[in-house]
Each structure stands twice: as C-alpha cells, then as structure tokens.
Amino acid sequence: MPTNFTVVPVEAQGGERDSAERDAWRREDEEDGRDRGCGDGISRESSPFINSAEMDRGNMYEGKNMALFEEEMDSNPMVSSLLNKLANYTNVTQGVVEHEADEDSKRKEVKVPRMGTFIGVYLPCLQNILGVILFLRLTWIVGTAGVLESFIIVFMCCACTMLTAISMSAIATNGVVPAGGSYYMISRSLGPEFGGAVGLCFYLGTTFAGAMYILGTIEILLTYISPSAAIFKGEEADGEAEAMLNNMRVYGTCIIILMAIVVFVGVKYVNKLALVFLACVILSIIAIYAGVIKTAIDPPDFPICLLGNRTLSKRSFDVCAKFTERNNETKTTNLWLLFCNSSSPTAMCDDYFSLNNVTEIQGIPGILSGVLIDNLWSTYSEKGSIVEKKNQPSISGSEDIKIGGRPYVFTDIMTYFTVLVGIYFPSVTGIMAGSNRSGDLKDAQKSIPTGTILAISTTSFIYLSCIVLFGACIEGVVLRDKYGEAVNGNLVVGTLAWPSPWVIVIGSFFSTCGAGLQSLTGAPRLLQAIARDGIVPFIQVFGHGKANGEPTWALLLTAAICEIGILIASLDNVAPILSMFFLMCYMFVNLACAVQTLLRTPNWRPRFKYYHWTLSFLGMSLCLALMFICSWYYALIAMLIAGCIYKYIEYRGAEKEWGDGIRGLSLNAARYALLRVEDGPPHTKNWRPQLLVLLNLDCEQLVKHPRLLSFTSQLKAGKGLTIVGSVLQGTYLDKCVETQKAEENVKALMAVEKTKGFCQIVVSPSFRDGISHLIQSAGLGGMKHNTVLMAWPQSWKQTENHFSWKNFVDTVRETTAAQQALLVAKNIDLFPTNQERFTEGNIDVWWIVHDGGMLMLLPFLLRQHKVWRKCKMRIFTVAQMDDNSIQMKKDLQMFLYHLRLNAEVEVVEMFENDISAFTYEKTLMMEQRSQMLKQMQLSKNEREREAQLIHDRNTASRSAPAVKASVAAAMPEKVQMTWTKEKFVAEKHKNKDTNVSGFKDIFNMKPNQSNVRRMHTAVKLNGVVLNKSQHAQLVLLNMPGPPKNRKGDENYMEFLEVLTEGLDRVLLVRGSGREVITIYS
C-alpha cells in the first residue's frame, strides 16, 4: 500500500505561470508566517508523528486543489504527509527520549524488528521465570510445607503473576509501547510520581535479583561442584554456617566485579549467550521429568542413614552402621567414633546413640512407592533443630554432650508458611521480559499478551507438577535436607535427574550465571530510562553513559547496590527483599489497568480484550496480601521507600503531563465533588475566604505588586480557593501572545510566593468590563470566590491611570452587588514577604460597624502563618455619646471569649461633635478640585468635538458630488457641515466665556454639608487610629461604602485617603453582609 502521495494539478497547462504564482504564494505565506504571530489565536498542539519543520513547503502547496486550506498547512498537514510520517514511525529504544518529546529530532534508521512471539516473548519470559529457586529451594519448600501447602504457595504466586500479566497485556496493547517495560507502562498510566516511585522499586528489585542469582551461583559452586574451593573453613556446625557466609561474601564480590566488567565491555555477548543459558534450563527440566519416569521403572540408589528417626549427614562417615565385620572380627565404624569417646565397643557413648539403631532407607523410593501420602503435610521447625523422619521408631535419652557436634542434618532457619512464600515468590518473577523487548517485536500488541500468558501457563504447570512429583518420588527427610548432606552432598533435585545429577548441577550453575548477567544488563538500562525522563532530579547523572549509549554510571550504581545483597550473603534473606519490590511493581500494574478501565477514558482502547477491572483489582489485592504475608516489616519499608520517592518527585521533580490515569481520576473526583457541593453559600462554620486576587500588570506583563501574592499566601496558608486574575485591554486575537506571557509570569510568581491557586487572564475592550467579567464568572459551580482582594490605587488622582478611581469605585459597588467581601490593601509594597518574621508588634482591628465578622476572622487566619504568628491581636471599637463604654468593653470581651479568640479589647470614645475649621477647609478644597476637574474634562470634550467637526468637513469636501449629496441628505438637520470664519470665532469665544465663568464659580462655592460631615468622620477617626495604632504592624479597618449618588465618587476616594492617612499597612475590609464567624460549635 503506497504511503507517499503526489497532488497532481487538474490543469497541466500554463506551467510557468502556475510556478510563478506558487512562488508568489509561498513568499507571501512566509511573510505572513513571520508577521502573523498567533494567527487566529488558537495554539495548535504538536503531533507526535508530524514534524512541520521537516516538511517540504514546495510540496505542501502543490497544485490549486487545496488552496482553500493552504493557510492552515503549517498546523494541519495533508493526509498524505500524515500517512507518510506514520509509515516511517519506529519504536524508540529504552533509555532515550520518548517519542512524544522527540518529534523535532532527526529519526535514525533502525533495523526492522523481526522477532515473533516465540523468540521475542515466550523464551525470554521462560528464561527469566525459571531459575535458581527451582533448583536450589523448591524441594526444600515441598519437604517443609508439604505438598498441599506448597501447592497453595505456588498457586497463589502464579495466580498473582497471571492476573498481573492480564493487566499488563491490556496496557501494553493500548497503543505503541516503547521499550521501557513496566516503568513505561506505570508512569504513562499512573503519572510521573507513581511511575518514578515504582520504577525505582522495580530497579531495586531487579538489582537484588542479580545479587540473589550470584549467591545461588556461589552456593552451587562451593556446595555441589567444588567444596574444597572454600576459603574459610568451620570446625563446628555454627562455625560452618558462618564460614559459608564469609565465603559467599568474598566470592560474590569477585563475581560482581567480573560480571560488571563483562557487561561494560561487551553487552552484546551477554545477549548472544542468553539462548545458551536458556538451553541449560530447559535441558535441566527435561532431565528432572526423565528422572521421574525412570523412578517408576528403576529408582536410583541413594541410601539415607538414620539414627532412630534422626537423619545423619554422610559427609563425616562412609559406612551407615555401628559395627562392621572385618576378617571375622567386629570393629567399630567412623560413625561410632562420632558418638563415643573411643573406638572400643565398651566406650562411653551418647545416650541416644546407644538406645537407637542405625538404619538405612532409600532417599528416592520412586513415584510408585506411595511416599506422597507421608509428604502431604507440613513439617515446620525451629532453627537448629534436627531433620527427623515421621513414623520412625525412636527412643529419647538424656544427652549430656552438646548435640551441635553430632553428624545430624540440622535446619539452618526457622520455617513457617509466610517465610516460604517470601523465599519462593522470586521464582515466578520475570513476566516483564517480553514487554521490555517490545521495540524488537514484529507485532508487539499481539506477541506480548500471547507470549507472556503462555510462558506463565507453562512455568506454572512446571512448578505445580514438580511439587507433586517431588512429593511422590523423594523421601521427606531428603526434601527437608536443604544442602543434600544426607545424600553425600549432592543437589537434592539432582539425585532425581536422569542420566546424572551433574546435568542439573552444571545446568543450574550456568543458568544462574546467565540470569545474574541479565540482571546486571537490564537494571542499569532501566535506571537510565528513569534518569533520562528527568522526573527524579537527583538521579539524572545516571542518564549519561558511553558514546554508544551504554549506561556506565548506572552500571556502577547497580553493582554497588548488588554488593549490599552480596554482603547479606544468604539467599533466603535476599529473596524476600526483592519479592517486596516486584510485588509492589505488579500491584501498581494492576492498579493502572483498573484505574484506566474504570475511568473509561477515550484513549483506553486495548486490543487485548480478555481483561476486566475486577481481575485487576483482585490481582492488586493479592499482591498487597502477599507483601504482608512474606514479611510485614519488609513490606512497610518498601512502601516507605516508594512513598518517599513519590513525595520527592511531587515536590522537586519535573512536571510531566503524560495523560496518566491519576490525572483522569483527579478530574473525575473533582467533577464529582463539584456536583456534590451546593451552588450556594456554605454554612458559617465552613466559611473561609475564597479569594479572587486582582493584579495589575505593567507594559511587559509583569506583576506590579508582588507583595499582594505574598499577603494572599499568608492569609490562605494553602487552604481554600485562590483565583489570581488580571485584565488586559484590547481584543483576544490581538493580545493572545501577551495573554500567554502574562499567564506564565503570574504563574511563575505564584510558584515563588507559594500561592496555591489558579490563574485567569481576561482580555477585554475596557479595563472596567474585564474586572466585572472576573467578578461575575471566575470559579466553577460551588467553587466560586466569595472575597475580592485588591491593592489600593496609589495614583488614583492621575487621570491617565488605567485603574482610575472610577474603576475602583465601580469594583467596590460590584462586589457589594455580588454579595462578596472586599479586601483593599493600602501601601501593599510595605507588606512583609513570606521570608520575613515579625518578632513583636500588634495586629489592630478597628471595629466600627458589624458586617459579618470578617474583621475578627482575618487576624486569626493571618496569625496561623509564620510571618504574623508572634503578633498580638488588639480590637478597638468606638463609643458614641449615648454609649456605655465600660459595658461595651465587657460585652466585647465576652463575645471574643465565646468566639475562642485571644485579643486585647479597648473602647475609644469619640464625643466631640464640633466640626473644625480644618475639616471645613479640607472639604472645600476637595469639592473645588472635583469641580475644576469636571470643567477641565468638559473643555477637553468640547475641543475634541470641535476637531472632529473640522475633520468631517475636510473629508466631505474631498468627496465626489454624489457622495457629498448623499451624506448631506443623511445628516440630521441640527448639525451644520458648513463652517464660516464668523461662526467659528463666535463658538470659540462662547466656550471661553463659559470656562471663565465656571472657574469664577469654583472659587465662590460653599461646601456641601453632607460632605462636610463625612470629612469630619474621616478626620476624627483617622486621628484616633493614628493615636492608638500608628506603630502597629497591620491595621484592619471597616471600609465605608461608596455613595449612592454617583456624582460624589471622587469625593469618596478622598474620604478613604483621609481615613487611612499616616498609616503604614492598612487593610480596608468590607464584608459581604452575611455572618462568617459564629460562637456555636
């Protein structure tokens, strides 16, 4: 199917003319592209498949059939271009920048993926799942837990991985998955916080898995292949265990260094040897099944020596008897010397040795022997106890000599069900191997589900069948003998294999080596992928590597963490650690699938259909249960590590938007909560200021008063709703770039000031209308603001100021009409920043009128912040002539007591009613100024009208006669278009006389008595406030409302100026008229 299309013109004639026209169009479009800026104001979202910079503009406008769409070709390319890009799309490799952010870079040619389901998914999963636990611990688990409980353990773990594989298949088939495995799937499904936390946990799990495989390799080497290679030797049983741990540490460190060098030098050889290691695993399993079949025909001869019912270790003696016949003489054996003080038959021996006989039984009686019945039930034991055979006669004696020195087979750890779960679970991990290779598959969306589920089914069958077969073929004491001491130090599962135990020993040795190398190869790449995503700042250094992309630094860190596991030195102690990390990873894969399914997002369209959210939820619950079953304290530690990483990414990590499910879940929760919240005023007990902060921006779209946001964060302390709004004057099409810049600047300042809220920039033809739109429409549903916070217009007397006194007074009126509270911060630039701390001082509240209790609530909220915490609250109220000031103080103190507020109370008396000459003079000057401004505005309007009439006359004189006649007919009769010199001079003198007479009236006017009374109140109250609160850190004052008569608006501003004159920090408070504080619980 062709992927490149050529648009052929319908008319082939006029080729040169068409070419010239096309060149002209191209040049014109390029000029438009440079000048257009924002275009139609709609920002286009870049596509992950389309790179407009790479397109050939000559082909873009080829022909005239698509001329209608040519102006949109930059953002909306033709379908042919889209299909061409899709055809060239390839999966990116693990550890490089993902395809969403890589559309601008040149795509490198890569080999076409050729691997199918079997080679690409099935075999890698098989190799990763089957491993060290199967060969070294499964027989011991069967012997200790019994066949039934072992079956339950294996079934639970396999069910967990199967449910996880179903969830993983759904996620992996929901679009193209670059090679990032579980990290990529979780981070893109649950967001960067969960993705980073679980990705690092998965990395730690993979790293500790490498340590476990290395420990398994050393155990096979020193226990079954070459015991003489041990550096440290132990004399007694306890000493042997300690010596073995030290050997593990020394050999493990050497092998880690060797493997790290191999991975650093030639990782390609590790991948080539993967099939060899897999062949060893498969051959070993085939040898086990062949040995089981052989036991039905001819069971192998592996005799077990028992003393009473106690199992003896054959490493210290050769003959399983107390006496032997040599040359018709009865002689004691080496076994006798281990229990007696001499070789004499009359020597003093251990009581238990003397009272019980030495017997020999077959270690592998065969599948037809019926030993399965004896192995059905569990045999848990304490650490250091002797492995004993059930239903075997035994006589207990008084043992004076220490048992530890006897050649018994002892248990090295205390065993119980949950311990065995933690040790076994790593044997079912490795299900992500297929999804990690998604970039190398022919059809990842088909191969990953099929191959992974088939591999889990195969391995589950192998594990479950091996449990039954081990229980049916091998004697119980041999199963519980972890290191094969009763069978001459052979690997227990090797004794069952055919044709030789060495098949299993050699096969398991190479498979564990290969698995360790694979872990040291995969873990650094996973860390590199997380580091290059940039979501965890402190690990970004591990994103670097060699020139070919090999993760050098990540390999060093992986080797160091792996060394921690080696120093633990016990496979049984390392296995539960990596179980935690893998279980947590699988739990979040299930959570991701469940969340996406329940949200039903439009992009959730997996090709794999055999999933359901209940299966994912069941898998998640099973993973969580297994975590606490394995080890509750390891589970808590793993969760704590993941939680710390989550919070670190949340606060310090890069902000990523991946369309994740958690964001969708948040949107759904927000919608549900908004619908639940009543679209009305909340109860008084739930009331808190939900702020709309009105900011002024300068010509560069920077905030003029940043301290307003500081005060907002101090007042809110991160609680409630905060909307930060501003208005740009103009039309949105012209101001779209400025709007984006303003929004970025405001958000940046909000981040600096730690103001948590939303930013809303409005473009309006007039500043006044824009503020009105914000007050009316900001917020959504029940989450709307109830308080407006703004700065006092310092330059309100300047007529050119955009935020003039008219806008301010109208804003006050609109907040009152909207039943919203209003806070006006005067001298806002003197307010403290969030870094300042007041060590002393007062917050003074001047409670003149009661308008809902805002004045009481605001100081309480401010004192919750560190800036104001050490300030004391003082409340002043004013007593008139007829008031009882003493009783007022008592009542106010009682009121504050019921409000649970701590504050000093003072009642100020204002009995002087005489209006001073100063007040009269100040009122007169205010009114004269107001009248003068009106006259100046009037004369300005007259001049503008005069100039407009002259302009109209000149325009009309240049027009054609017909146009002139039509204009004259359309004009009203009272407007004369013909101006003579006499008329112009007369009109000019008329305006001049009017202005002169107006100015004479100003100086002869008398002040309005209502204004005099208002000025008197402002002057007197200002004097009282200055007297008491001049040195206060903040003064809160009732804000009087504007006059009902709009002609006195400029006088209203003067009253407020006089009221607050001489105070450093003032917050004028105007309540909404409803109660916001209550004495009731």
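Because the structure is a prediction, the values reported are computed rather than measured. All residue numbers here refer to positions counted from 1 along the written sequence of the relevant chain. With the structure being a predicted model, the display of local features is reserved for residues of pLDDT at least 70 and the display and counting of side-chain atom pairs for 80 or more, all residues being used for whole-chain, interface and lining totals. Side-chain figures throughout are based on the complete set of non-hydrogen atoms in the structure, without hydrogens or water.

(A) Region of interest: the overall build of the protein chain. For helices the rule is a DSSP run of H or I covering at least 4 residues; for strands it is a run of E covering at least 2, with both sets numbered from the N terminus onward. Each helix and strand counted, the protein chain has 34 helices and 15 strands in total. Counting across all 1081 residues of the protein chain, residues that qualify as buried make up 49%. Once local pairs closer than 6 in sequence are excluded, the contacts in the protein chain between residues at least 24 apart make up 81%. Accessible surface area values rest on a Shrake-Rupley calculation with a 1.4 Å probe, where residue burial reflects the displayed protein chains alone. Carbon together with sulfur atoms contributes 57% to the accessible area of the protein chain, which is approximately 54000 Å² in total. Per-residue accessibility, obtained with a 1.4 Å probe over protein chains only, is compared with the maximum for each type, and a residue is labelled buried under 20%, exposed over 50%, and partly exposed between these values. Contacts between residues were defined by any pair of non-hydrogen atoms, one from each residue, lying within 4.5 Å.

(B) Structural detail: the side chain of K322. Tracing the backbone through its elements, the reader meets K322 in the loop between strand 2 (310-311) and strand 3 (323-326). Although K322 lies buried, it forms no salt bridge, and the closest oppositely charged side chain, D350, sits 9.2 Å away as judged by the N-O distance. Setting aside its immediate chain neighbours within four residues, K322 contacts K331, T332, T333, W336, F353, S354, N356 and V358. For the purpose of charge, His is not counted, nor are the chain termini; Lys and Arg are scored as positive and Asp and Glu as negative. When a carboxyl oxygen of Asp or Glu lies within 4 Å of a side-chain nitrogen of Lys or Arg, that pair is called a salt bridge.

(C) A look at the nonpolar core. M212, Y424, F425, M432, Y463 and F470 are the most contacted members of the largest nonpolar core, which has 166 residues in total. F425 has contacts with C157, C160, S579, F582, L583, Y586 and L626, leaving out every residue within four places of it along the chain. L749, I843, W847 and V905 belong to the second largest nonpolar core, which has 53 residues in total. In this text, buried Ala, Val, Leu, Ile, Met, Phe, Trp, Tyr and Cys residues form a nonpolar core when linked through side-chain atoms within 4.5 Å.

(D) Highlighting the environment of L464. Within the element layout of this structure, L464 appears in helix 15 (residues 444-473). For L464, a relative accessible area of 17% corresponds to the buried category. Residues L464 and C158 lie 306 residues apart in sequence; the distance between their C-alpha atoms is 9.4 Å. Excluding residues within four positions of it along the chain, L464 makes contact with F151, V154 and F155.

(E) Broad picture of the sheet that holds strand 2. Pairing between strands is defined by DSSP: at least two bridges between the two strands are required. Reading across the sheet, the three strands line up as 2-1-5 and stay open at both edges, with antiparallel pairing between neighbours. Every other strand in the sheet has two partners, leaving strand 2 and strand 5 (358-362) as the edge strands with one partner each. Both strand 1 (residues 303-307) and strand 2 contribute to a ladder of two bridges, which runs antiparallel. Directly across from L306, in strand 2, lies its bridge partner T311.

(F) Layout of the packing of helix 6 (residues 138-172) against helix 20 (residues 571-599). Only the stretch in contact is used when fitting a helix axis, every axis being a line fitted to C-alpha atoms; angles between N-to-C directions are given from 0 to 180 degrees. Orientation of helix 6 relative to helix 20, taken along the N-to-C sense of each, is 50 degrees, at an axis distance of 9 Å. With respect to each other, helix 6 and helix 20 are oriented oblique. As for the relative orientation of helix 6 and helix 20, their crossing is left-handed in sense. Contact with helix 6, carried on its side by C160, T161, L163, T164, S167, M168, A170 and I171, involves L583, Y586, V589, N590, A592 and C593 of helix 20 and no other residues of that element. Partitioned by chemical class, the residues of the contact of helix 6 with helix 20 number ten nonpolar, four polar and no charged. Geometric relationships in this document are graded by angle, where less than 35 degrees denotes roughly parallel, more than 145 denotes roughly antiparallel, 65 to 115 denotes roughly perpendicular, and other angles denote oblique. If you view the pair so one helix is near and one far, a crossing is left-handed when the near helix is turned anticlockwise from the far one by less than a right angle, and right-handed when it is turned clockwise. Under the convention adopted here, Pro, Cys and the residues Ala, Val, Leu, Ile, Met, Phe, Trp and Tyr are nonpolar, Asp, Glu, Lys and Arg are charged, and Gly plus all remaining residues are polar.

(G) View of the sheet that holds strand 11 (residues 842-847). With mixed pairing, ten strands are arranged side by side in an open sheet as 8-7-6-9-10-15-14-11-12-13. The open sheet has two edge strands with one neighbour each: strand 8 (758-764) and strand 13 (904-909). Neighbour-to-neighbour, the strand axes of this sheet turn through a mean angle of 20 degrees, independent of strand direction. In this structure, strand 9 (residues 787-791) lies alongside strand 10 (residues 821-826), joined through five bridges in parallel fashion. Paired with A791 across the two strands is A825, which belongs to strand 10. Strand contacts of helix 26 (residues 767-777): strand 6 (691-695), strand 7 (722-729) and strand 8, with the helix running at about 155 degrees to strand 7, the strand carrying the most contacts. Contacts from helix 29 (residues 885-898) reach strand 11, strand 12 (872-879) and strand 13 within the one sheet, and its direction differs from that of strand 13 by about 150 degrees.

(H) Layout of helix 28 (residues 854-862). Most of helix 28 is tucked away, with eight of its nine residues classed as buried. Taken together, the buried positions of helix 28 are occupied by M854, L855, M856, L857, L858, P859, L861 and L862.

(I) A look at the packing of aromatic side chains. Classification of ring pairs rests on two measures: the distance between centres of Phe, Tyr or Trp rings, Trp counted by its six-membered ring, which must be within 6.5 Å, and the angle between planes, read as stacked under 30 degrees, edge-to-face over 60 and tilted in between. A complete count under the given rule lists 24 aromatic pairs for this structure. For the ring pair W632 and Y633, a centre distance of 5.6 Å and an interplane angle of 90 degrees mean the geometry is edge-to-face. Where F711 meets F831, the ring centres are 5.3 Å apart and the plane angle is 85 degrees; that geometry is what we call edge-to-face. Pair noted here: F711 is in helix 24 (residues 707-716) and F831 is in the loop between strand 10 and strand 11, with a separation of 120 residues, a long-range link. Residue class for F711 comes out buried when judged on its relative accessible area of 0%. In this structure an aromatic cluster arises from ring pairing among F323, W336, F339, F353, Y408 and F410. Working rule: Lys NZ or Arg CZ, within 6 Å of ring centre, within 35 degrees of ring normal, means a charge sits over the ring. R310 extends its terminal NZ or CZ atom over the ring of Y408, reaching a point 5.3 Å from the ring centre.

(J) A look at the pairing of strand 8. Along strand 8, five of the seven residues are buried, which leaves the element largely enclosed by surrounding structure. In terms of strand pairing, strand 7 meets strand 8 through seven bridges, oriented parallel. Residue pairing for strand 8: Q729 is matched across the bridge by S764. We call a crossover right-handed when, viewed with both strands directed away from the observer, the connection leading from the first strand over the helix to the second proceeds clockwise. Once the chain exits strand 7 it traverses helix 25 (residues 732-752) before rejoining the sheet at strand 8, and the crossover so formed is right-handed.

(K) Just the state of the cysteines, in detail. Our working definition of a disulfide is a cysteine sulfur pair at a distance within 2.5 Å. Enumeration according to the criterion identifies two disulfides in this entry. The partner cysteine of C305 in its disulfide is C320, sulfur to sulfur 2.0 Å. Its S-S torsion of about 85 degrees marks the bond between C305 and C320 as right-handed, since a negative value means left-handed. Of this pair, C305 sits in strand 1 while C320 sits in the loop between strand 2 and strand 3, and the two are 15 residues apart along the sequence. Judged by its relative accessible area of 0%, C305 is buried. A residue is classified by how much of its surface remains accessible, and C320, at 14% relative accessible area, is buried. A sulfur-sulfur separation of 1.7 Å characterises the disulfide bridge that pairs C340 with C349.

That is the geometry; function is a separate question.
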